[in-house]
Every structure is written in structure tokens, then in C-alpha cells.
Number of protein chains: 2
Amino acid sequence: MRLTRAGEYGIRCVLHLARHGKGTLVSRKEIAVRTDVPPHFLAKIAQQLARAGIIEILQGATGGYRLLTDPSKITLLAVIEAIIGEISLNDCVGRPESCHNSALCTVHRVWNKANQQLRATLQEANFATLAAEDACCLTPFPEADGHNQPSGKK
Amino acid sequence: MRLTRAGEYGIRCVLHLARHGKGTLVSRKEIAVRTDVPPHFLAKIAQQLARAGIIEILQGATGGYRLLTDPSKITLLAVIEAIIGEISLNDCVGRPESCHNSALCTVHRVWNKANQQLRATLQEANFATLAAEDACCLTPFPEADGHNQPSGKK
DNA sequence: ATATATAAGATATATTTAGTCTTATATCGA
DNA sequence: TCGATATAAGACTAAATATATCTTATATAT
Ligand code: SF4
Ligand code: SF4
């Protein structure tokens, strides 16, 4: 009953992009460093975000990622579910046929309600708000003055 | 982001016991058959429920399980958390120190809120209500007339 | 005291998650 | 136009977890 690592990383990625605004191209390397995500793992996650239509992936020497939509239109729920699939607190929520008693089950109803509530809460959060409010995800702010390169990169 | 099998089984077990009422001894075998849980797996789960003070385990030839508390006092949350530990939708909810940015993170706050809401919903559901309302968990009602043994057991 | 039915704990298998490595593609510079 | 480089894309490996079974110990009844 917890978010996977990939889901968490996906959120960080989109949040970082949201700080730069819709359409701004950011290299995978920068995102990986700033959000502390293994670069190759990030690549895999980005593919899922791209398939979901949240970001666009640009290839080549000057490639990177960029948001296709305005951050205010991207919800936390959308990003999470792009990575880990539709949230389903119990098997029977997503696939009622997995338990032949789901039609009658009182517990099932509680799960359905809780699931719906959870998804609603995550849907209320959009990335414009999340990104604007204050610093998150490791480095306080990206490219604060353009040349604070640590040079202590491992 | 889903309940483990063990958690689901724990709920079924307590629900079955709740049907029999507080203090009634029910054999592991009966519970296992009625709720479709592997008997040995159920034993392990029962241990956790016992440690949490929800059920009592009686050993010996006439042993079994029984509820220590009135079903109305047992919440869905308590049973779930007895099995899978405290619910934490993201690592940083349960262990804020796992991410050094949790103090500032706006996403973290959303997770906290969602987590709290989820736990509240599960806490509202008690087993008296769950058991009374209608049939759940496989066999419609335990010991309906004492001998509706399917005999088609695999 | 012995046999039986059960619980308790240890062990093994399967599945999923997390991360790395290799291959392919696109842009840039000569 | 061709080669070098930086990136994306996909295949693969290792670790963690979940699931289930097996073995051992305990308690009751005969
Ligand atoms: S018994 Fe109820 S809660 Fe459990 S899996 Fe079946 S429908 Fe869902
Ligand atoms: S970045 Fe925010 S949401 Fe993600 S783990 Fe850290 S505190 Fe939690």
C-alpha cells in the first residue's frame, strides 16, 4: 500500500519540468541530477509519461523532455497513474471479477469509497500549484542564477 | 498501491469471526474453508492478529480463534494495519526522514492529507456493521443449515 | 501415556520492483 | 556528406517482497 519508486520519480520529473514551464526543453541529465533519480531509470519513466501524453521526448544531441500541457492542467493523479496504472487499493476494486463475491461484499464497498476518495484528492492537486508554492525535490530551485554548477559531481 | 493478499485474508478472517460474535471459538479449518484462504497462511496471519490484540488463539485438539473485542469496536483500519503495518501511501509519509526535503515539499503535504483521509475512512468501518449488513466472503452465510458441504472441493 | 488436531515458526517459490547495461537514433561539427 | 557525440529506447539483471508450503512444537481428549 505504497507508491512505487518509479511513481515517486515520475512526480519529481514532472514537478521539475513544471518549474520551467510548459514547452521548455530540459535535458534528462539535468532532471536526473536535480531530482536525484538514476538517469537510465528516469528514461524508462519518461517513456511512460510520454505515452500518457504528459511530456514530449526530444531525441538527439540537444534532446530532452518538455511538458506538452500547462502545469495547471496536469494533476498528481494523472502522473501517478501514467506510471503505476490506475490506483486500486485492493484487487477487487480494479477488477471486481477477481472475487466472485464483490457484488454483495460490504468490505468491497468501503474499498471502492476509499479508492474514489483517494483518487479525488490526488486529482485536486495540479502541478502549477505544487511547483509554485515553494521548493521541493532536492535542489531548492533549478538554475537559480544560471551557473551554480557544483562541479563536485560524482 | 494495493492491499496485500495477507491483508485481505486477515479482513476475511475477522469478518467471519464477527459473524459468530465476540468470544465464539471457530476452528482455523472452518475459517480457511469458508473464506478461501490457505490454512497455513491463515495461521501466520492469525498470529499477527493475536499480537495486535484483536483475536485470541486457542491451541490443542479443540482449538481455534475467537474475537477478544466486540465486533463494533474493531475497525477495518485496525485489522489491516495489524497485518501490513501502518498505512503509508509513500515512503516519506511514514518516514519523513527518508527524504531530506519532506519539510518543504508540497507533494509531501498532499500525500499526508491523502493518507490521513484514507486511514480515517477505514477507521469509520467497524466489523459489526460490515458483518451484519449482508453476506460477504465466499459462502453466503456460515453454517447456514450445517451441511451444505459442496464436496466438489478441489 | 498415546494419539490426534491444532498452532507456531522456518523455509522455499513466485512475483514484482528497482536499477543497470546494451543497442538504436538523432543532432552537431568537420 | 560523414563521423563523433549525446541522447532515447528497449533488453536484461539483481534485489526485495509477497505468497505459500513444510516441518516442528504444543495442547487437549481418550
Ligand atoms: S471479499 Fe470483498 S473485499 Fe475481499 S476481495 Fe472479495 S469483494 Fe473484495
Ligand atoms: S520529494 Fe516530496 S513527495 Fe517525494 S519523497 Fe521527497 S518529500 Fe516525499
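Residues numbered from 1 in each chain as written. Chains lettered and ligands numbered in written order. Predicted model: local features only at pLDDT ≥ 70, side-chain atom pairs only at ≥ 80, totals over all residues. Heavy atoms only, no water.

> Describe the environment of I83 of chain A, naming the residues involved and giving the relevant values.
Topologically, I83 of chain A is positioned in helix α4 (residues 76-84). Assessed through its relative accessible area of 9%, I83 of chain A is described here as buried. (Helix = DSSP H or I, 4+ residues; strand = E, 2+ residues; numbered from the N terminus. Buried < 20%, exposed > 50% of the residue type's maximum accessible area, 1.4 Å probe, protein only.)

> Lay out the site of ligand 2 with the relevant residues and their values.
Lining the immediate environment of ligand 2, one finds 11 residues, of which E8 of chain A together with C92, C99, S102 and C105 of chain B sit closest. Ligand 2 sits at the junction of chains A and B, each of which supplies nearby residues. Of all the secondary-structure elements, those providing two or more residues to the shell around ligand 2 are α1 (5-20) of chain A together with α6 (106-124) of chain B. (Near = heavy atom within 4 Å.)

> Could you give an account of the relation of the copies chain A and chain B, with specific residues and numbers?
Once turned by 180 degrees and shifted 0.0 Å along the axis, chain A lies on chain B with an RMSD of 0.0 Å. What we have between these two chains is a two-fold relation. A high fraction, 100%, of the interface residues of chain A reappear at the interface in chain B, so the copies pair face to face through one surface. (Least-squares fit on C-alpha atoms with pLDDT ≥ 70 in both. Contact = heavy atoms within 4.5 Å.)

> Explain the confidence of the model for chain A to me, using residue names and the numbers behind them.
In low-pLDDT regions, the fine details of the predicted coordinates are not to be read closely. Averaged over chain A, the pLDDT score is 85; the fraction of residues at 70 or greater is 85%. Per-element mean pLDDT across chain A ranges from 87 in helix α7 (residues 127-133) of chain A up to 96 in helix α6 (residues 106-124) of chain A. (pLDDT = per-residue confidence, 0-100.)

> Can you explain the nonpolar core? Please cite residues and give values.
Counting 86 residues, the largest nonpolar core has L49, L76 and F127 of chain A together with L49, L76 and F127 of chain B as its most contacted members. Ignoring anything within four residues of it in the chain, the contact list for L49 of chain A reads G10, C13, V14, I54, I55, V79, A82 and I83 of chain A. (Core = buried A, V, L, I, M, F, W, Y, C linked by side-chain atoms within 4.5 Å.)

> How would you summarise the site of ligand 1 if you had to cite specific residues and measurements?
Close to ligand 1 lie 12 residues, the nearest being C92, C99, S102 and C105 of chain A together with E8 of chain B. Two or more chains meet at ligand 1, and those chains are chains A and B. Residue assignment for the shell around ligand 1 shows that the elements contributing at least two residues are α6 of chain A together with α1 (5-20) of chain B. For the shell around ligand 1, the element with the highest residue contribution is α6 of chain A, accounting for 3 residues. Class assignment of the residues belonging to the shell around ligand 1 gives a composition of 7 nonpolar, 3 polar and 2 charged. (Nonpolar A, V, L, I, M, F, W, Y, C, P; charged D, E, K, R; others polar.)

> Outline the protein's contact with DNA strand D, listing residues and values.
Taken together, the neighbourhood of DNA strand D is formed by 23 residues, with I57 and Q59 of chain A together with R5, H40 and K44 of chain B sitting nearest. Protein-adjacent atoms of DNA strand D, using a 4 Å cutoff, are sugar or phosphate at a proportion of 70%. Within the side chain of R28 of chain A, a nitrogen or oxygen atom sits 3.0 Å from a phosphate oxygen of DNA strand D. One nitrogen or oxygen atom from the side chain of Q59 of chain B is found 3.3 Å from a sugar or linking oxygen belonging to DNA strand D. Partitioning the surface near DNA strand D into residue classes produces 9 nonpolar, 10 polar and 4 charged. (Polar contact = N/O pair within 3.5 Å; in protein donor to acceptor, adjacent residues only side chain to side chain.)

> Would you mind going over the interface of chain A and chain B in detail, with residue names and values included?
Each partner contributes residues to the interface: chain A has 41 residues there, and chain B has 41 residues. Interface area, chain A with chain B, both sides summed: about 3,500 Å², of which 62% is carbon and sulfur. The salt bridge involving D91 of chain A is made with R2 of chain B; its shortest N-O contact spans 3.7 Å. Counting the contacts that link chain A with chain B gives 8 residue pairs in polar contact (both at pLDDT 80 or more). Those elements that place two or more of their residues in the side of chain A that touches chain B are α1, α4, α6 and α7 of chain A. The biggest single contributor to the side of chain A that touches chain B is α6 of chain A, with 12 residues. The class makeup of the residues in the side of chain A that touches chain B is 24 nonpolar, 7 polar and 10 charged. (Buried area = accessible area lost by both parts, 1.4 Å probe. Salt bridge = Lys/Arg side-chain N within 4 Å of Asp/Glu carboxyl O.)

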